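Each chain, written out:
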Amino acid sequence: MARRWQQHKGLIVQLSLSQNWKPLDDPQTGHRLERRSQPGSARLYLQRQADGLGRYVLEQSLQALAGGIPTLVGIGLRAILYRLMLRMEGLAAIEAGVRLRFASHIRLRAGSYLDQGVYIHACPTGVTIGPRTLVMHGSILHVYNFRNLPHAGITIGADSLIGEMNVVRGQGGVSIGDRVYTSPLVQIIAVNHVFDDPARPFVEQGITAEGIVIEDDVWIGSGAVITDGVHVGKGAVVAAGAVVTKDVPPHTVVGGVPARVIKEIALEAAPDMPKSSQRGQVYF
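Here the structure is a predicted model, which is why all the values come from computation and not from measurement.

Caption draft 1: View of helix H2 (residues 53–66). Taking 1.5 Å per residue, 14 residues should reach 20 Å; H2 reaches 20 Å between its end C-alpha atoms and fits that length. When we look at burial in H2, the residues that qualify are Glu59, Leu62, Gln63 and Ala66. On an axial view of H2, the arc spanned by its buried residues comes to 95 degrees, and they lie on one face. Residues Leu53, Gly54, Ala64 and Leu65 are exposed on H2 and point more than 90 degrees away from its buried face. Those residues of H2 that are buried lie in contact with helix H3 (71–81) and strand S7 (99–101).

Below is the structure:
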């Protein structure tokens, strides 16, 4: 099948509908490109699951042995056994039914928590969950970087909360700060398809992967979508259902589709406001 070259915002990929991605260099520019290999083999499957056959056997065996045990007994066993396959600093709690792929690239810091149904695919560039950060039921943290994208990965800071059924895609890199709360059904997607040419299917036109940065003390409301290339400033609030396509200034509230600034948050609370009220409340 003929291959096509596509360049978009500095990212170049070689595209072919019937192939899977492998790195390739453009002989003219020296840019990193991508070439697909034939799908369907056991070897390809293993390459999508772990660093090698030995790691695959280890990780799958540990999860089969201890991954489904409920209650504190299961949490305790996983806190001991899973250290053999991932990086755990101090004590971290992993509930039953958590799925981990490329576990050797997962780092759980002290006090972090993975709720039931969480799925983490760390791929080569890794996922880090900060101290005392909670990842709630059904959330997906998915790097899935098989295109050798240079900034892929997901990093979440301390004391944050990833709400129920969130999706975080880290092909372009996702950096989430401290004390960031995301409500249920939030999507943070650091990858996008190019579709500029109406004469070709979008799957032949390449991708962008610019990355997403969410600074400290941000609250993201239910159902919001943060798209690739966005920087959310410190202390910002994203309203429920918003689709954020541009940078969010610090200490602002944005909402709508596409999102726009609808309010600025005063840096100093009114002097007659009770101290307990100044802290605010988070509604999911």
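Caption draft 2: Quick look at the pairing of strand S29 (residues 260–264). Buried residues are scarce in S29, accounting for 0 of its 5 residues. Note that strand S28 (residues 252–255) and S29 share 4 bridges and pair antiparallel. Along S29, the bridge assignment pairs valine 254 with valine 261. Connecting the antiparallel pair S28 and S29 is a turn made up of 4 residues, with glycine 256 showing a positive phi of about 105 degrees.

Caption draft 3: Main features of the pattern of salt bridges. Summed over the entire model, instances satisfying the criterion amount to 7 salt bridges. A salt bridge links arginine 55 to glutamate 59; the shortest N-O distance between them is 2.9 Å. One end of the pair is arginine 55 and the other is glutamate 59, both in helix H2 and 4 residues apart, which spans about a single turn. Glutamate 59 gets classed as buried once you look at its relative accessible area, which sits at 1%. A salt bridge links aspartate 217 to arginine 179, with the nearest nitrogen and oxygen atoms 2.5 Å apart. Linking aspartate 217 in the loop between strand S22 (212–214) and strand S23 (219–220) with arginine 179 in the loop between strand S17 (174–176) and strand S18 (181–182), this pair joins segments that are 38 residues apart in sequence.

Caption draft 4: View of a nonpolar patch on the surface. Judged by side-chain polarity, Phe195, Phe202 and Val203 come together as a nonpolar surface patch covering roughly 310 Å² of accessible area. Tracing the backbone through its elements, the reader meets phenylalanine 202 in the loop between strand S20 (192–193) and strand S21 (207–208).

Caption draft 5: Representation of the sheet that holds strand S25 (residues 231–232) in the model. Overall, parallel pairing links the 7 strands, which are arranged S5-S8-S11-S14-S17-S22-S25 in an open sheet. The outermost strands of the open sheet, each flanked by one partner alone, are strand S5 (87–88) and S25. With 3 bridges connecting them, S17 and S22 associate as parallel partners. Among the inter-strand pairings, valine 174 is bridged to a residue of S22, identified as isoleucine 212.

Caption draft 6: Broad picture of the sheet that holds strand S9 (residues 113–114). Taken in spatial order, the 9 strands line up as S6-S9-S12-S15-S18-S23-S26-S28-S29 in an open sheet, and their pairing is mixed. In this open sheet, the two strands that pair with only one neighbour each are strand S6 (93–94) and S29. Note: strand S12 (residues 134–135) against strand S15 (residues 161–162), 2 bridges, orientation parallel. The residue of S15 that forms the bridge with valine 135 is isoleucine 162.

Caption draft 7: Looking closely at unusual backbone geometry. Of note, the amide linkage connecting valine 257 to proline 258 takes the cis form, showing an omega dihedral of -10 degrees. Here proline 258 shows up in the loop between S28 and S29. One non-glycine residue, arginine 132, lies in positive phi territory at about 60 degrees. The residue arginine 132 is located in the loop between strand S11 (127–129) and S12 in this model. Residues other than glycine seldom take positive phi values, yet arginine 179 does so here, at roughly 55 degrees.

Caption draft 8: Looking closely at the packing of aromatic side chains. Applying the stated criterion to the full structure yields 1 aromatic pair. With centroids separated by 6.2 Å and ring planes inclined at 80 degrees, the aromatic side chains of tyrosine 45 and tyrosine 56 adopt a geometry described as edge-to-face. Of the two residues, tyrosine 45 sits in helix H1 (residues 42–47) while tyrosine 56 sits in helix H2, which places them 11 residues apart along the sequence. In this structure, arginine 99 packs its charged tip against the face of tyrosine 119, placed 4.2 Å from the ring centre.

Caption draft 9: Summary view of the nonpolar core. Residues Tyr82, Leu86, Leu100, Leu108, Leu141, Ile188 and Ile214 are the most contacted members of the largest nonpolar core, which totals 50 residues. Setting aside residues up to four positions removed in sequence, leucine 141 forms contacts with Tyr119, Ile120, His121, Val127, Ile129, Val135, Ile154, Ile156 and Val168.

Cut-offs and rules
Residues numbered from 1 in each chain as written. Predicted model: local features only at pLDDT ≥ 70, side-chain atom pairs only at ≥ 80, totals over all residues. Heavy atoms only, no water. Helix = DSSP H or I, 4+ residues; strand = E, 2+ residues; numbered from the N terminus. Expected span 1.5 Å × (residues − 1). Buried < 20%, exposed > 50% of the residue type's maximum accessible area, 1.4 Å probe, protein only. Arc of directions from axis to C-beta. Contact = heavy atoms within 4.5 Å. Pairing = 2+ DSSP bridges. Salt bridge = Lys/Arg side-chain N within 4 Å of Asp/Glu carboxyl O. Patch = residues over 30% accessible without salt bridge, like charges linked within 9 Å, V, L, I, M, F, W, Y side chains within 5 Å. Areas by Shrake-Rupley, 256 points an atom, 1.4 Å probe, with all protein chains shown as cover. Phe/Tyr/Trp six-rings, centres within 6.5 Å; stacked < 30°, edge-to-face > 60°. Lys NZ or Arg CZ within 6 Å of the ring centre and 35° of its normal. Core = buried A, V, L, I, M, F, W, Y, C linked by side-chain atoms within 4.5 Å.

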